[in-house]
Amino acid sequence: MAQRHPEAEARLLKKWICMRCSATHRGRKPRVCRKCGYTGMRIKAAERRKT
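Below is a short write-up of the structure. (Residues numbered from 1 in each chain as written. Predicted model: local features only at pLDDT ≥ 70, side-chain atom pairs only at ≥ 80, totals over all residues. Heavy atoms only, no water.)

## Side note on the nonpolar core
Working step 1: Listed in full, the five residues of the largest apolar core are Trp16, Cys18, Ala23, Cys33 and Met41.
Working step 2: Filtering out sequence-adjacent residues up to four positions away, tryptophan 16 remains in contact with Ala23, Thr24, His25, Gly27, Arg28, Lys29, Pro30, Met41, Arg42 and Ile43. (Core = buried A, V, L, I, M, F, W, Y, C linked by side-chain atoms within 4.5 Å. Buried < 20%, exposed > 50% of the residue type's maximum accessible area, 1.4 Å probe, protein only. Contact = heavy atoms within 4.5 Å.)

## Describing the environment of threonine 39
Working step 1: Positionally, threonine 39 belongs in the loop between β2 (24-26) and β3 (41-43).
Working step 2: Remark: the alpha-carbon pair of threonine 39 and arginine 20, spanning 19 residues in sequence, is separated by 9.1 Å.
Working step 3: In this structure threonine 39 touches Arg31 and Val32, once residues within four positions along its chain are discounted. (Helix = DSSP H or I, 4+ residues; strand = E, 2+ residues; numbered from the N terminus.)

Now the structure itself:
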C-alpha cells in the first residue's frame, strides 16, 4: 500500500465540485461556479465508490 502524505492528500481532496457542470474550484467554498454561475457545490469525495 502506498503511504498517505497529509500535504498531498489535502491538495488532492480539498476541492469543491459544481453539481451542474463538474467544474473544480480550489480553496474555500465559492459562492457561485466560475464556469456556469450555479450555486450548488459539493466537496470532492474522499473515498472511491464501488461500481
